Amino acid sequence: MTRRLGWHLVCLAGLVVLLYPIVWLLGTSFKPPDEVTSSLSLLPRHWDFSNYAHALDGIGGTSFWRFLLNSVIVAGGAVIGNVVSCSLAAYAFARLRFRLSGPLFAFMIATIMLPHHVVIIPQYAIFQSLDMVDTFWPLILPKFLATDAFFVFLIVQFMRGIPSELDEAARIDGCGPARTFWHIMLPLIRPALITTTIFTFIWTWNDFFSQLLYLNTPENYTLPLALRLFIDQTGTSQYGPMFAMSVLTLVPIGLFFLAFQRFLVEGVSTSGLKG
């Protein structure tokens with residue numbers, strides 16, 4: 001009993017440490033500007049609800065809703081691209097037989113260890129030559145080419161746990177590879193696809209560096225880029241509205257995760273298991 005009570009106290013202490021930044025962010029979003037920099041308390045002494053009104057009005061002549069729409073377009077396009085391309089690539093590696101499939105799969109896995117900064121300059125040069133800089137295409141188009149090897153590997157491991165007899169039965173019934181993938185494999189790998197969807201959405205939504213690299217016009221900014229517009233504007237940093245917009249930025253991620261967390265656990269726990 002004592003050991004269990006001590007373990008629960010340790011877990012509660014860890015929970016407090018993890019939640020403290022979120023509670024501080026929420027409380028600071030209601031503080032007036034002078035109190036943001038002068039007080040470290042969780043709750044404001046004077047509640048200022050105008051921070052959220054200023055955040056919704058946006059900054060730099062662009063409203064919050066435009067930034068939100070840009071983030072939805074980029075994150076939604078990345079999700080669709082990863083789910084489609086990674087599932088097709090995984091099906092080829094897991095179920096089809098073709099020359100050099102082993103070396104190609106090993107090469108794909110090796111790209112996971114390749115630092116992202118190594119390919120920044122070549123990718124930027126390619127998209128600049130295609131006149132795609134300051135558009136959403138550099139952030140979405142690579143997702144349709146199965147460039148995220150982690151998700152390909154995740155779906156491959158999931159597919160390898162599905163009995164191959166299902167493919168043989170579909171082949172006997174006259175199904176080709178395309179129909180087998182669409183009617184047999186795709187419904188069975190739903191947990192892996194949902195896992196891919198969740199991680200792609202969260203990583204793309206929170207991405208700052210890639211969006212800063214390719215997006216130059218404030219009208220094309222996503223929410224992570226819009227947050228930095230509140231700093232050093234006209235010589236004054238608007239911390240209150242910035243924290244308010246930070247809270248609003250976290251809301252879609254929280255709702256998205258709560259809606260799909262059951263499928264996330266199912267997908268991670270079953271990926272790679274042999275059926």
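Calculation rules
Residues numbered from 1 in each chain as written. Predicted model: local features only at pLDDT ≥ 70, side-chain atom pairs only at ≥ 80, totals over all residues. Heavy atoms only, no water. Helix = DSSP H or I, 4+ residues; strand = E, 2+ residues; numbered from the N terminus. Buried < 20%, exposed > 50% of the residue type's maximum accessible area, 1.4 Å probe, protein only. Contact = heavy atoms within 4.5 Å. Areas by Shrake-Rupley, 256 points an atom, 1.4 Å probe, with all protein chains shown as cover. Lys, Arg positive; Asp, Glu negative; His and termini not counted. Charge placed at Lys NZ, Arg CZ, Asp CG, Glu CD. 1 Å grid on protein atoms, 1.4 Å probe; cavity = no way out; pocket = protein on both sides within 12 Å on 5 of 7 lines; lining within 4 Å. Points joined across faces, edges and corners; volume = space filled by probe spheres on them. Arc of directions from axis to C-beta. Polar contact = N/O pair within 3.5 Å; in protein donor to acceptor, adjacent residues only side chain to side chain. Salt bridge = Lys/Arg side-chain N within 4 Å of Asp/Glu carboxyl O. Axes fitted to C-alpha atoms, helices over the stretch in contact; angles between N-to-C directions. Parallel < 35°, antiparallel > 145°, perpendicular 65-115°, else oblique. Nonpolar A, V, L, I, M, F, W, Y, C, P; charged D, E, K, R; others polar. Core = buried A, V, L, I, M, F, W, Y, C linked by side-chain atoms within 4.5 Å. Phe/Tyr/Trp six-rings, centres within 6.5 Å; stacked < 30°, edge-to-face > 60°. pLDDT = per-residue confidence, 0-100.

A tally of regular secondary structure across the chain gives 14 helices and zero strands. Along the chain, helices and strands appear, N-terminal first, in the series α-α-α-α-α-α-α-α-α-α-α-α-α-α. The principal-axis extents of the C-alpha atoms in the chain amount to approximately 70 × 65 × 30 Å. Buried positions account for 41% of the 275 residues belonging to the chain. Long-range contacts, defined here as pairs at least 24 residues apart, represent 68% of the contacts in the chain between residues at least 6 apart. Accessible surface for the chain amounts to roughly 15,900 Å². Of this, 70% is attributable to carbon and sulfur atoms. Averaging the coordinates of the 16 positive side-chain charges in the chain and doing the same for the 15 negative ones gives two points 14 Å apart.

With that out of the way, let us pick up the layout of surface pockets. Roughly 950 Å³ of internal volume is contained in the largest pocket. His 116, Gln 123, Lys 143, Thr 147 and Asp 148 are the residues nearest the centre of the largest pocket, which is lined by 32 residues in total. The set of elements that each furnish at least two residues to the lining of the largest pocket consists of α4 (64-95), α5 (101-110), α6 (120-129), α7 (137-140), α8 (149-160), α11 (190-206) and α12 (209-214). The element contributing the most residues to the lining of the largest pocket is α12, with four residues. Space inside the second largest pocket adds up to approximately 220 Å³. Lining the second largest pocket we find 13 residues, and of these Tyr 91, Arg 95, Leu 96, Asp 167 and Arg 171 sit closest to its centre. For the lining of the second largest pocket, the elements supplying multiple residues, two or more each, are α4, α9 (165-172) and α10 (177-188).

On to helix α3 (residues 50-57), then. Of all the positions in α3, only Asn 51, Tyr 52 and Ala 55 are classed as buried. All buried residues of α3 fall inside an arc of 95° around its axis, so they share one side. Positive backbone phi, approximately 85°, marks Gly 58, located one or two places after α3.

Now for the side chain of Ser 71. Within the fold, Ser 71 resides in helix α4. From its side chain, Ser 71 meets the backbone nitrogen of Leu 223 in a polar contact 2.9 Å long. Sequence-distant contacts of Ser 71, that is, excluding residues within four places in its chain, are made with Trp 205, Thr 222, Leu 223 and Pro 224.

The next point concerns the pattern of salt bridges. On inspection of all chains with the given rule, the structure shows two salt bridges. Asp 167 is the salt-bridge partner of Arg 95, the closest N and O atoms lying 3.4 Å from each other. Of this pair, Arg 95 sits in helix α4 while Asp 167 is found in helix α9, placing the two residues 72 residues apart along the sequence.

A separate point is the environment of Ile 184. Position of Ile 184 among the secondary structure elements: in helix α10. Counting along the chain gives 18 residues from Ile 184 to Leu 166, while the straight-line C-alpha distance between them is 7.5 Å. Setting aside anything within four residues of it in sequence, one finds Ile 184 in contact with Leu 166, Ala 170 and Arg 179.

Close contact between α10 and α11 brings their axes to 5 Å; oriented N to C, the two are set at 65°. When the interaxial angle is binned, α10 and α11 end up roughly perpendicular. When α10 is examined against α11, the residues Leu 186, Pro 187 and Leu 188 are found in contact with a partner set consisting of Arg 190, Pro 191 and Leu 193. Broken down by class, the residue content of the contact of α10 with α11 amounts to five nonpolar, no polar and one charged.

This part takes up the environment of Tyr 239. When you line up the elements, Tyr 239 lands in helix α14 (residues 239-270). Taking the C-alpha atoms as reference points, Tyr 239 and Arg 190, 49 residues apart in sequence, are found 42 Å from one another. Among all residues touching Tyr 239, those that are not within four sequence positions of it are Val 36 and Thr 37.

Counting 61 residues, the largest nonpolar core has Val 152, Ile 155, Met 159, Ile 189 and Met 245 as its most contacted members. Here this core takes 13 residues from α4, the largest share from any one element. With sequence-adjacent residues up to four places away left out, Ile 189 is seen in contact with Ser 87, Ile 155, Phe 158, Met 159 and Ile 162.

Turning next to the packing of aromatic side chains. Enumeration over the complete set of coordinates arrives at 18 aromatic pairs. Judged by centre distance (6.2 Å) and plane angle (15°), the rings of Trp 47 and Phe 49 are stacked. Taking the relative accessible area as the measure of exposure, Phe 49 reaches 57% and is therefore exposed. When the centroid spacing of 5.7 Å and the interplanar angle of 25° are considered together, the rings of Tyr 124 and Tyr 214 count as stacked. Note that Tyr 124 is positioned in helix α6 and Tyr 214 in helix α12, a separation of 90 residues in sequence.

When pLDDT is averaged along the chain, the result is 87; 93% of the residues meet or exceed 70. Taken as a whole, residues 271-275 scores under 50 in pLDDT and shows eight contacts with residues more than four places along the chain or in a different chain.

Using a relative accessible area of 8% as the deciding quantity, one classes Asp 167 as buried. Engagement of the side chain of Asp 167 in a polar contact is seen with the side chain of Arg 95, the distance being 3.4 Å. The residues contacting Asp 167, other than those within four sequence positions of it, are Arg 95, Thr 180 and Met 185.

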